[in-house]
Amino acid sequence: MGKGTPKTKLNAVDPIKFIDKVKSDVKRRDSHELIAMMQDVTGAPPKMWGSSIVGFGSYHYAYASGREGDICLTGFSPRSSALVVYLGPGIDNEKLMAKLGKHKAGKGCLYINKLDDVDRKVLRKLIEYSVATMRKRDTK
């Protein structure tokens, strides 16, 4: 893969079949709930990005360095350690993040053990905020 070539690309893997193979009953159930929520927020069906990200919609980015590509507007990955929600700019919404519940946050990523640990209405608002912000930034 060349320098500047995105590793995470849209592919034809069925996201429902991917989720149905998740070993943890809780993560599998939570994943199906996230699919419904994210599909409702974005109006886009779930699609696989890379080997483990269920994404919704797409966003074109371009950096000053010249690197550019496409990635999902929002999505998640049911990892063994946590559900990773790709929240992008939503992670910077301090008011909502303070109301979310038990979680960890990284750069653009939200780490949740299970959905029962967080306020689902707040999570939805964070996703809505992130998607709206990303749509305004889209460079297409």
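Description of the structure in this document.

Formed by 31 residues in total, the largest nonpolar core has its most connected members in Phe76, Leu110 and Leu123. Mapped onto this core, the elements with two or more residues apiece are α1 (15-20), α2 (25-42), β3 (53-56), β4 (59-62), β7 (83-86), α3 (94-100), β9 (109-112) and α4 (120-137). No other element matches the 6 residues that α4 contributes to this core. Contacts of Leu110, omitting those with residues within four sequence positions, involve Leu83, Val84, Val85, Leu87, Ile91, Met97, Leu100, His103, Lys104 and Leu123.

Our focus in this paragraph is α4. Between its first and last C-alpha, α4 extends 26 Å over 18 residues, near the 26 Å set by a 1.5 Å rise per residue. All of the buried residues along α4 are Val122, Leu123, Leu126, Ile127, Ser130, Val131, Thr133 and Met134. Contact partners of the buried residues in α4: α2, β4, β6 (74-78), α3 and β9. If you check the start of α4, you find a side-chain oxygen 2.9 Å away from the backbone N of Lys121, and it comes from Asp119.

Cut-off values and rules
- Residues numbered from 1 in each chain as written.
- Predicted model: local features only at pLDDT ≥ 70, side-chain atom pairs only at ≥ 80, totals over all residues.
- Heavy atoms only, no water.
- Core = buried A, V, L, I, M, F, W, Y, C linked by side-chain atoms within 4.5 Å.
- Buried < 20%, exposed > 50% of the residue type's maximum accessible area, 1.4 Å probe, protein only.
- Helix = DSSP H or I, 4+ residues; strand = E, 2+ residues; numbered from the N terminus.
- Contact = heavy atoms within 4.5 Å.
- Expected span 1.5 Å × (residues − 1).
- Polar contact = N/O pair within 3.5 Å; in protein donor to acceptor, adjacent residues only side chain to side chain.

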